[in-house]
Amino acid sequence: MNPRPLTELEKELNVSFRQTDLLRQAFTHSSYVNEHHKEHVMDNERLEFLGDAVLELAVSDFLYHKKTEMPEGEMTRLRANIVCEESLYRFSNELHLQEYVMLGKGEEHTGGRQRQALLADVFEAFLGAMYIDQGMDLCQQFLEKNIFPLLENDAYSYVMDYKTKLQEMVQKEKDGNLFYQITDEKGPAHDKEFSAEVIVNDTKKAIGKGRTKKTAEQFAAKAMIEKIQRI
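Residues numbered from 1 in each chain as written. Predicted model: local features only at pLDDT ≥ 70, side-chain atom pairs only at ≥ 80, totals over all residues. Heavy atoms only, no water.

K.L.:
Residue-level account of the environment of G106, with values.
P.N.:
Tracing the chain through its elements places G106 in helix α7 (residues 105–109). Assessed through its relative accessible area of 39%, G106 is described here as partly exposed. Residues G106 and E144, 38 residues apart in the sequence, show an inter-C-alpha distance of 36 Å. (Helix = DSSP H or I, 4+ residues; strand = E, 2+ residues; numbered from the N terminus. Buried < 20%, exposed > 50% of the residue type's maximum accessible area, 1.4 Å probe, protein only.)

K.L.:
Break down the nonpolar core for me, with residues and values.
P.N.:
With 46 residues, the main nonpolar core has F27, F123, F126 and L143 as its most contacted residues. It is helix α8 (residues 116–134) that contributes the most residues to this core, 10 residues altogether. Once residues lying within four places of it in the same chain are set aside, the contact partners of F126 are L9, L13, F17, L23, A26, F27 and F142. Within the second largest apolar cluster, 14 residues are counted, among which are V170, A206, A216 and I225. (Core = buried A, V, L, I, M, F, W, Y, C linked by side-chain atoms within 4.5 Å. Contact = heavy atoms within 4.5 Å.)

K.L.:
Pulling in residues and values, what's your account of the pattern of salt bridges?
P.N.:
What the rule picks out here adds up to 8 salt bridges. Among the salt bridges present, the one from E12 reaches R4, with a minimum N-O distance of 2.7 Å. Residues E217 and K163 are paired through a salt bridge, measuring 2.7 Å at the closest nitrogen-oxygen approach. Of the two residues, E217 sits in helix α11 (residues 213–230) while K163 sits in helix α10 (residues 162–171), which places them 54 residues apart along the sequence. Residue classification places K163 among the partly exposed positions, given a relative accessible area of 26%. Salt bridges sharing common partners tie together R4, E8, E12 and E99. (Salt bridge = Lys/Arg side-chain N within 4 Å of Asp/Glu carboxyl O.)

K.L.:
Explain helix α9 (residues 136–146) to me, and be specific about the residues and the numbers.
P.N.:
All of the buried residues in α9 are C139, Q140, F142, L143 and N146. Projected onto a plane normal to the axis of α9, the buried residues spread over an arc of 160 degrees and lie on a single side. Across α9 from its buried face, at more than 90 degrees, point the exposed residues D137 and K145. (Arc of directions from axis to C-beta.)

K.L.:
Lay out the pairing of strand β3 (residues 204–210) with the relevant residues and their values.
P.N.:
Across 7 bridges, the pairing between strand β2 (residues 193–200) and β3 is antiparallel. Note that in β3 the partner of E197 across the bridge is I207. (Pairing = 2+ DSSP bridges.)

K.L.:
Quick rundown of the packing of aromatic side chains? Include the residues and the values.
P.N.:
In the structure shown here, the tally under the stated rule is 6 aromatic pairs. An angle of 35 degrees between the planes, with centres 6.1 Å apart, marks the rings of F17 and F126 as tilted. Residue F17 is located in the loop between α1 (6–13) and α2 (20–26), and its partner F126 is located in helix α8; the two are separated by 109 residues in the primary sequence. A single burial state applies to F17 and to F126, both of which are buried. (Phe/Tyr/Trp six-rings, centres within 6.5 Å; stacked < 30°, edge-to-face > 60°.)

K.L.:
A description of the sheet that holds strand β1 (residues 178–186) should follow, citing residues and the corresponding values.
P.N.:
Across the sheet, 3 strands lie side by side as β1-β2-β3; this open sheet has antiparallel pairing. The open sheet is flanked by β1 and β3, the only strands paired with a single partner. Strand-to-strand twist in this sheet, taken as the mean axis angle between neighbours without regard to direction, amounts to 20 degrees. Together, β1 and β2 form the strand contacts of α10, whose direction differs from that of β1 by roughly 145 degrees. Against the sheet, α11 engages β1, β2 and β3, with an angle of about 140 degrees to β3. (Axes fitted to C-alpha atoms, helices over the stretch in contact; angles between N-to-C directions.)

K.L.:
Can you break down the pairing of β2 residue by residue, with the values?
P.N.:
Most of β2 sits out of view: 7 of its 8 residues are buried. Pairing of β1 with β2, which is carried by 8 bridges, proceeds in the antiparallel orientation. Following the sheet pairing, L178 is matched in β2 by V200. Following β2, the chain reverses through 3 residues before pairing antiparallel with β3; N201 in that reversal takes a positive phi of roughly 55 degrees.

K.L.:
Please give an account of the environment of G112 that cites residues and values.
P.N.:
Mapping G112 onto the fold places it in the loop between α7 and α8. The spacing of G112 and V101 is 11 residues in sequence and 9.7 Å in space, taken between C-alpha atoms. With near-sequence residues (within four places) excluded, G112 lies in contact with L103, E107 and L118.

Here you go:
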C-alpha cells in the first residue's frame, strides 16, 4: 500500500512540524532508503535512539507525579512495562502510525507494515523527531493527551504486570505452582486473538484473551488474581 501523506497525520494528531523533513525521516524505514538511494533520504534509526530516551524520561515524570503512593521498585517495574516493545506497538496502532510508514517493496510484501518491532521503532522515532522539532514540554503534553490516558483503560492494564503479581501470590503458598498455556488462536496473521489459560496448584483455572500471547497471559493472570481474591 502507499503511505498516507504526513500532513494528514499532523491534522489527526493536532501537531504541526516546522521541520517537515524530520517528520518524514521518522517514518522512513531503512528498507526504503536501500531502494531509493537517489532520493538522499535518511532512515529513522537515529531518531528511534533519541525517542527511546525521551519516552523513558516522560514516563518517569508521569509516574513520579501521578503515582504518588507507588514505591520506587514498583514504579521501575511499571515503567519497564510501559516502554517495552509490545506497549509501543500498541501505542503505534492506536495512532495508526503504520499507515504513514515508507517501506521498501520487499519489507512491504513480507508484512513489515504490521510487524511489532518495526512499529515500536516508528513510535520512538516519531517521538524523537517531535523532541527535536518542538521540545520536551510539547512531547510531554502529546503523551499526556494521546498515550498516558490509555494506561488507565482496562485494555492496557497488562502494563501492571499481573503475571508477576500472581507469581508472588502463589509463591507464598507451600508447594504452590502455576503454568500457562495457549488454548486458542483466531484471526489472520496481522490481527490475531489468542486465548491463554493459567492453572494454579493444578486445580484453579482462568482464561484471558489478547492480541499477543503475552497479553493473553497477562489477562489470564488478572482473571486468576480476581478469582483468588473473591475466595
